[in-house]
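Below are the chains, spelled out letter by letter.
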Amino acid sequence: MDFSQRLQALEDIEAIKRLKYDYFFFCDHKQPNKVKDCFMEGEVKIDYGRIGCFDNRETLVAVFSQLACAENIVEMHHAQNPRIDVDGDSANGVWGIYYYMIDTLQNSVTQLGGYYEDEYRKIESNWKISATVFHVTSTVLTDIASGVANIIFAGGAAPAELDDPSKQAS
């Protein structure tokens, strides 16, 4: 690889990092249209486990708006340890994630650890997410209604009856 190819690869990796950081920022700041813009138009593959599987960005954003854009939901996404491989106008990435959500209506706190497996496409000089799968590796569910943090679950992925995202929309 010559110097200009190496430089382009580094610029592409930095652009992909910025895309993913933007995605998390827009999620945390409840900006659904900007979340949508992080994904390519048309058919995509989005697998967010209990949140749902989506084949287009519009359906994802509709669910995101319903579950996460309420005032009672306070979210914090922290990405770490990106591993990104670029091959021309496509790329793959794996990201560690620490996610923390406070639901002031349900008086609960959810802490997740996990990782994203992503695919990206460069479209008209802009990188977009074309596929993403989220894998949960650790969960802590806490009830804070009494003013004291009571652990409901701590371990890998929580059982569905304890971790039902649709309760956020209540």
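Reading guide: rules and limits
- Residues numbered from 1 in each chain as written.
- Predicted model: local features only at pLDDT ≥ 70, side-chain atom pairs only at ≥ 80, totals over all residues.
- Heavy atoms only, no water.
- Salt bridge = Lys/Arg side-chain N within 4 Å of Asp/Glu carboxyl O.
- Helix = DSSP H or I, 4+ residues; strand = E, 2+ residues; numbered from the N terminus.
- Buried < 20%, exposed > 50% of the residue type's maximum accessible area, 1.4 Å probe, protein only.
- Core = buried A, V, L, I, M, F, W, Y, C linked by side-chain atoms within 4.5 Å.
- Pairing = 2+ DSSP bridges.

**Quick notes on the pattern of salt bridges**
Any two side chains of opposite charge can pair, on the condition that their charged atoms come close.
1) Next: Throughout the structure, instances matching the rule amount to eight salt bridges.
2) Next: The partner of Glu14 in a salt bridge is Lys17, with the nearest N and O atoms 3.2 Å apart. Here Glu14 pairs with Lys17, and both are found in helix α1 (residues 3-28), just three residues apart, close to one helical turn.
3) Next: Take Glu14: its relative accessible area is 46%, and that puts it in the partly exposed class.
4) Next: On the basis of relative accessibility, which here comes to 22%, the residue Lys17 falls in the partly exposed class.
5) Next: One salt bridge connects Arg50 with Asp163, and the closest N-O pair in it is separated by 3.3 Å.

**Observations regarding the nonpolar core**
1) Next: Counting residues in each nonpolar core, the largest one holds 33 residues, and the members touching the most others are Tyr23, Val35, Phe39, Tyr48, Tyr116 and Tyr120.
2) Next: Elements supplying a minimum of two residues to this core: α1, α3 (57-68), β3 (73-87), β4 (90-103), β5 (108-123) and β6 (126-143).

**Quick look at the pairing of β5**
1) Next: As paired strands, β4 and β5 are joined by 14 bridges and run antiparallel to one another. Across the sheet, the residue bridging to Asp103 is Ser108, located in β5.
2) Next: Here β4 hands over to β5 after four residues, with Asn107 in that stretch at a positive phi of 55°.
3) Next: In this structure, β5 lies alongside β6, joined through 16 bridges in antiparallel fashion. Paired with Ile123 across the two strands is Asn126, which belongs to β6.
4) Next: The antiparallel pairing of β5 with β6 creates a hairpin that spans two residues between the two strands, and Glu124 there sits at a positive phi of about 50°.

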